[in-house]
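What follows is the residue order along each chain.
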Amino acid sequence: MSEAPRSEYRGQIHQQQKDLMLHWYERLDESARTGNPPAVSLMISGNCIELLEGFGAVPLYPEVNALQLAIRHQSLDPILAAEELGYAADNCAYVKADIGAMIKGITPAGTPLPTPALVLCNFVGCNTYVKWFEHAAEFQGAPLAMLDVPFLRTAEPRAEDIDYVVRQLHEIVRQLEQITGRRFDMDRFREAVRCSARVEEAWSRIKNLARRTPSPFDAYFDAITLMGPLYVYRGSPEGVAFFELALKEMEEKVARGEGIYDQEKFRVVIEGPPPYPFFRSFRDMFATWKATAVASTYSTVGGLWEFGFRHDPDHPFESLALHMLAHNVTNRNYLQRYEQIRRYVEEWDADGIVIHFVKSCRLFSAGQGDMRDYFTRQLGVPTLYIESDLEDPRYFSEAQIKNRMDAFFEALEHSRSIGTLRRGAAALRHPAAGAGNAPVAGERLKILP
Amino acid sequence: MRLAAGVDVGSTQTKAVIVGDNGGLQMLGRALVDTGANVQRAAENGFIAACQQAGVSPQDVGYVVGTGYGRYKITFGNTQMTEISCHARGAHYLFPATRTVIDMGGQDSKAISVGAEGEVLDFVMNDKCAAGTGRFLANAAEVLGLGLDEIGPLSLEARHPVKITTVCTVFVESDILSYLAQGKKPEDILGGVHLAIARRTISLARRVPIEQAITMTGGVSRNIGMVRALEQVLGTKLEVGPDAHFAGAIGAALFAIEKMGESFESGIWRPADAAHTS
Ligand code: SF4
């Protein structure tokens, strides 16, 4: 097989993305040295970055730190340090890397991270967050606040759910005012929500460009690169400028008919987080086959905007609550995830699905066996299931994963050569009555727009 | 005649097949050698032996597809394909009615759902674990002091197969030792061992739709005890031919002749180290 072609997008935004992230680490460094701006720890899932803008605070995302360590092949040491402390083999490795790094004083940028003014556990979907942030607060000697976001049990969040979250947001505002001695700037907050809505509009349009053949970017690997600015700068003018430029560059690529390879051969939907310690090799496994991810669920952890949701500056608190409750993949239920993926296959014109099971992450991975059955048996979409981890390098077996990936794409290629491979809507077989035992997404639940 | 080869470098044994095409396809020769520590040499030796059996010169072979875990070590191959594609293709060639392939090899086992043209529709493999593979059987044979080719037939004589609860290749040893200490007969122990692997394999295989006809391939297909145990668990007959363990190499050779197309490429044969091939 030939060498994997280079596939990532390099335009102006490539450098800008780096600059933005560097600037973020500079602000964190400044915060560590002077306490100004104050830092607040947040979770990526359905994050409420806009609230922090109202205080001019800088977010500290433990997940981003953990994945940065993994990409730089530095995650194993802190994981082992945490295991020596007593963290079990089956604990989420993000937690272990983060806590281990704290103990050992390892940081992604090499400079110390600030002690957060508040460890704000925006508990969205994953209950590991609760314990993780309790421990982080303990180890850092920082105050802890719980923002309890009920899991989405119904198609739409109920009024009580929204009210419950809004009231907690107000409480957090009061708490942050006390801790930081700063007054919450309502205008700045509203402006941040307005910026977010613009970023979300641009981001959503970028994602929708991947419906084109060829797709101008990879909606998994390239999307992950864009996720940094999306979560750190969403509520700021820098974020708006960045994403509007990104949209322009992508539209130009579409106008030139440019994909990420000289010729796009396969279009897939990827479900699950990536193996960060082997990010490059994993990407190469797709690139070897000139396969583009046209959509991914992982890129919707922080927010799901391609189906229409936007923050609303006229109802800033309520829209934050709605975003946390219903418009991120983490807090949505499984049937909604099925439906999200099904729509990607149909509307983004995919040939198949790749499910990456991540040992660390029960939230993402529990039930993916059934998901595979649902897509292969009921919908007839070729679906590959592979396993490793997003942070712990010990669970990645390169030869085994590559073998499965190659077999999957060989099969797609073979099917195409004999004329049996279908794409997009044509790939979806109508669920046969009584086939299999997986629930039919959308049948019992109304799916959110 | 256009000649192509498939070389399947497995963890235990290397299989090579030569096919010829002059209007119709013909299997001309095959060879089986132990893989051993030198994977590259095993591939070369297997290929040469198959050429000899076919009565053709290695130089006349126009295209070689390598498969199996050692496929990237084949220095003289044109391309590599996974054993999943090759076993499906090979099984379909041997039994055109094949819709499911159960392949048990030395270090992995897999189930493949196959379409009407031998194309792979879906597959599952055992993960990061030797349970349900030839390795498990080899361990059991070793503990009992028996040869690998003896355990299958002996297991068929089991009257009261023991219950083997572990599927762990390492822990099965202590299970067997404790049954021996209890005075259980080797055939009953082996009956239990074969059933345990069969159950494990079939539970894996049920993740792809198991449809008739079911063809067994891979080295373990030569173990009659395993074939019967799988049939017992499945409640149906398996297609197992005398060439079943060559299925991967046959599939590779079929892909090779197809990929060769009309263009005949001579001089593919470039042994990495000519000295040891003479
Ligand atoms: S279990 Fe998953 S969602 Fe939860 S913290 Fe770990 S990686 Fe994140």
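Residues numbered from 1 in each chain as written. Chains lettered and ligands numbered in written order. Predicted model: local features only at pLDDT ≥ 70, side-chain atom pairs only at ≥ 80, totals over all residues. Heavy atoms only, no water.

### A few points about the domain arrangement of chain B
Accessible area lost when the parts come together is the quantity often used to give the size of an interface.
Residue and element names in this part refer to chain B.
Here comes step 1: Considered domain by domain, chain B is made up of domain 1 (2-85 + 248-277) and domain 2 (97-238).
Here comes step 2: Using only C-alpha atoms to locate each centre, domain 1 and domain 2 end up separated by 28 Å.
Here comes step 3: At the junction of the two partners, domain 1 supplies eight residues and domain 2 supplies nine residues.
Here comes step 4: When residues of domain 1 are sorted by the area they lose upon contact with domain 2, Ser-11, Glu-83 and Ile-84 head the list and together hold 68% of the total.
Here comes step 5: Across the domain 1-domain 2 interface, the total number found is zero salt bridges.
Here comes step 6: Here domain 1 and domain 2 share one residue pair in polar contact (both at pLDDT 80 or more) between them. (Domains from an automatic or database assignment. Contact = heavy atoms within 4.5 Å. Buried area = accessible area lost by both parts, 1.4 Å probe. Salt bridge = Lys/Arg side-chain N within 4 Å of Asp/Glu carboxyl O. Polar contact = N/O pair within 3.5 Å; in protein donor to acceptor, adjacent residues only side chain to side chain.)

### Considerations on the packing of aromatic side chains
Any aromatic ring pair is given by two values, namely how distant the centres are and how the planes are angled relative to each other.
Residue and element names in this part refer to chain A.
Here comes step 1: What the rule picks out here adds up to 32 aromatic pairs over all chains.
Here comes step 2: Where Tyr-374 meets Phe-375, the ring centres are 4.9 Å apart and the plane angle is 70°; that geometry is what we call edge-to-face.
Here comes step 3: Looking at Tyr-374, the relative accessible area reads 2%, which means it is buried.
Here comes step 4: Three or more aromatic residues joined by ring pairs form one cluster here, namely Tyr-220, Phe-221, Phe-266, Tyr-276, Phe-279, Phe-282, Phe-286, Trp-289, Tyr-298, Phe-364, Phe-408 and Phe-409.
Here comes step 5: Lying across the ring of Trp-348, Arg-211 places its NZ or CZ 4.0 Å from the centre.
Here comes step 6: If you follow Arg-343 out to its NZ or CZ, it ends over the ring of Phe-307, 4.0 Å from the centre. (Phe/Tyr/Trp six-rings, centres within 6.5 Å; stacked < 30°, edge-to-face > 60°. Buried < 20%, exposed > 50% of the residue type's maximum accessible area, 1.4 Å probe, protein only. Lys NZ or Arg CZ within 6 Å of the ring centre and 35° of its normal.)

### Considerations on the pattern of salt bridges
Residues and elements named next belong to chain A.
Here comes step 1: Taken as a whole and judged by the stated rule, the model has 39 salt bridges over all chains.
Here comes step 2: Ionic pairing is found between Arg-153 and Asp-161, a salt bridge with its closest N-O pair at 3.9 Å.
Here comes step 3: Look at Arg-153 and you get partly exposed, because its relative accessible area is 45%.
Here comes step 4: Its salt-bridge partner being Glu-251, residue Arg-205 comes within 3.7 Å of it at the nearest N-O pair. Here Glu-251 lies in helix α10 (residues 237-256) and Arg-205 lies in helix α8 (residues 186-209), a separation of 46 residues in the sequence.
Here comes step 5: Looking at Arg-205, the relative accessible area reads 41%, which means it is partly exposed. (Helix = DSSP H or I, 4+ residues; strand = E, 2+ residues; numbered from the N terminus.)

### A few points about the interface of chain A and chain B
Here comes step 1: The interface of chain A with chain B comprises 22 residues on the first partner and 26 residues on the second.
Here comes step 2: The three residues of chain A that bury the most area against chain B are A:Asn403, A:Arg404 and A:His414, which together make up 27% of that side's buried surface.
Here comes step 3: Across the contact surface, chain A and chain B share one salt bridge.
Here comes step 4: Its salt-bridge partner being B:Asp122, residue A:Arg372 comes within 2.6 Å of it at the nearest N-O pair.
Here comes step 5: Here chain A and chain B share 10 residue pairs in polar contact (both at pLDDT 80 or more) between them.
Here comes step 6: At the level of secondary structure, the elements contributing two or more residues to the side of chain A that touches chain B comprise α15 (368-378), β8 (383-388) and α16 (398-417) of chain A.
Here comes step 7: For the side of chain A that touches chain B, the leading source of residues is α16(A), giving 11 residues.
Here comes step 8: Here the residues of the side of chain A that touches chain B sort into seven nonpolar, seven polar and eight charged. (Nonpolar A, V, L, I, M, F, W, Y, C, P; charged D, E, K, R; others polar.)

### Focus: helix α12 (residues 316-326) of chain A
Residues and elements named next belong to chain A.
Here comes step 1: Counting buried positions along α12 yields nine of 11 residues, so the element is predominantly enclosed.
Here comes step 2: By the burial criterion, the buried members of α12 are Pro-316, Phe-317, Ser-319, Leu-320, Ala-321, His-323, Met-324, Leu-325 and Ala-326.
Here comes step 3: The inward-facing, buried residues of α12 abut α2 (49-53), β3 (118-124), β4 (144-149), α7 (159-180) and α8.

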